[in-house]
Amino acid sequence: GAGVSQSPSNKVTEKGKDVELRCDPISGHTALYWYRQSLGQGLEFLIYFQGNSAPDKSGLPSDRFSAERTGGSVSTLTIQRTQQEDSAVYLCASSLQTSGGVYEQYFGPGTRLTVT
Amino acid sequence: KNEVEQSPQNLTAQEGEFITINCSYSVGISALHWLQQHPGGGIVSLFMLSSGKKKHGRLIATINIQERHSSLHITASHPRDSAVYICAVLYNTDKLIFGTGTRLQVFP
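The shown structure was predicted, so the numbers you read here are calculated from the model rather than taken from an experiment. (Residues numbered from 1 in each chain as written. Chains lettered and ligands numbered in written order. Predicted model: local features only at pLDDT ≥ 70, side-chain atom pairs only at ≥ 80, totals over all residues. Heavy atoms only, no water.)

**Quick notes on the pairing of strand β4 (residues 31-37) of chain B**
All names here are of chain B.
Consideration 1: Within β4, 7 of the 7 residues are buried, leaving the element largely enclosed by the surrounding structure.
Consideration 2: The alternating pattern of β4 places Ala31, His33, Leu35 and Gln37 and Leu32, Trp34 and Gln36 on opposite faces, both of which are buried.
Consideration 3: Sheet topology note: the β4/strand β9 (residues 83-90) ladder contains 7 bridges and is antiparallel. Across the sheet, residue Leu35 finds its bridge partner in β9, namely Ile86. (Buried < 20%, exposed > 50% of the residue type's maximum accessible area, 1.4 Å probe, protein only. Helix = DSSP H or I, 4+ residues; strand = E, 2+ residues; numbered from the N terminus. Pairing = 2+ DSSP bridges.)

**Considerations on the sheet that holds strand β1 (residues 4-7) of chain B**
Residues and elements named next belong to chain B.
Consideration 1: Taken in spatial order, the 5 strands make up an open sheet running β1-β3-β8-β7-β6, and their pairing is antiparallel. The strands lining the two open edges of the sheet, one partner per strand, are β1 and β6 (52-56). Taken pair by pair, the neighbouring strands of this sheet meet at an average axis angle of 15 degrees, ignoring direction.
Consideration 2: In this structure, β6 lies alongside strand β7 (residues 59-64), joined through 5 bridges in antiparallel fashion. Bridging across to β7, Lys53 finds its partner in Thr62. (Axes fitted to C-alpha atoms, helices over the stretch in contact; angles between N-to-C directions.)

**Quick word on the sheet that holds strand β7 (residues 65-69) of chain A**
Residues and elements named next belong to chain A.
Consideration 1: Spatial ordering of the open sheet is given by β1-β3-β8-β7, a layout of 4 strands whose pairing is antiparallel. Where the open sheet ends on each side, the last strands, each with one partner, are β1 (5-7) and β7. Strand-to-strand twist across the sheet, computed as the mean angle between neighbouring axes with direction ignored, equals 15 degrees.

**Comments concerning the state of the cysteines**
Consideration 1: All told, the structure shown has 2 disulfides over all chains when counted by the stated rule.
Consideration 2: Residue pairing for Cys23 of chain A: its cysteine sulfur links by disulfide to Cys92 of chain A, the two sulfurs lying 1.8 Å apart. Classification of the bridge connecting Cys23 of chain A and Cys92 of chain A rests on its S-S torsion, roughly -65 degrees, and on that basis the disulfide is left-handed. Of this pair, Cys23 of chain A sits in strand β3 (residues 19-24) while Cys92 of chain A is found in strand β9 (residues 88-95), placing the two residues 69 residues apart along the sequence. One exposure class covers both Cys23 of chain A and Cys92 of chain A, and it is buried.
Consideration 3: Covalent S-S linkage joins Cys23 of chain B and Cys87 of chain B, the inter-sulfur distance amounting to 2.0 Å. Across the S-S bond linking Cys23 of chain B and Cys87 of chain B, the dihedral sits near -60 degrees, which makes this disulfide left-handed. In this pair, Cys23 of chain B sits in strand β3 (residues 19-25) while Cys87 of chain B sits in strand β9, placing the two residues 64 residues apart along the sequence. No difference in accessibility class separates Cys23 of chain B from Cys87 of chain B, as the two residues are buried. (Disulfide = S-S within 2.5 Å.)

So this is what it looks like as structure tokens:
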């Protein structure tokens, strides 16, 4: 079956512009996660959705970052007024419902964002 | 101090060698993932485990909950195993906390 997909695969934007990154999770997966991998650094958690609600937004680095999920499926990560330090690979993952159990996360191919 | 520590950071091996990558974590967890990331960035989940041992082909993962330690073993290593291997732990909130990764290069 289809895995997690993300679009665009690459995005180059000018400093100060807004960008939207999209994630399509595996069908039926109720949990969705956004992570970021900056150049030369490790992966860091950004936000987690269970259905359409986000019980954990603790990883969002600033109020320029926001995310939403609609219909329990597609999610969009929006970065407003991009800065050069936002340049990174943004990864999305999804898993089956997590309450009462532990389920494996499946990762998308990522969106490479470059802010010039 | 990172909550998830991996060692070694870099590892070079000759084809056929047995490889071990270690992961230690500082708090109680629900489960632990071993992930593989190839050049180009795609991440594949190799294992998720919360106790004992799992095996898939030439890969073996073990975890000791009491010692808060996990190991990833690769038997009969091959150049196609060259990648970054990442340990990630799952806490109650279901978000993953990642180690810094181990860069493995296997030469023919």
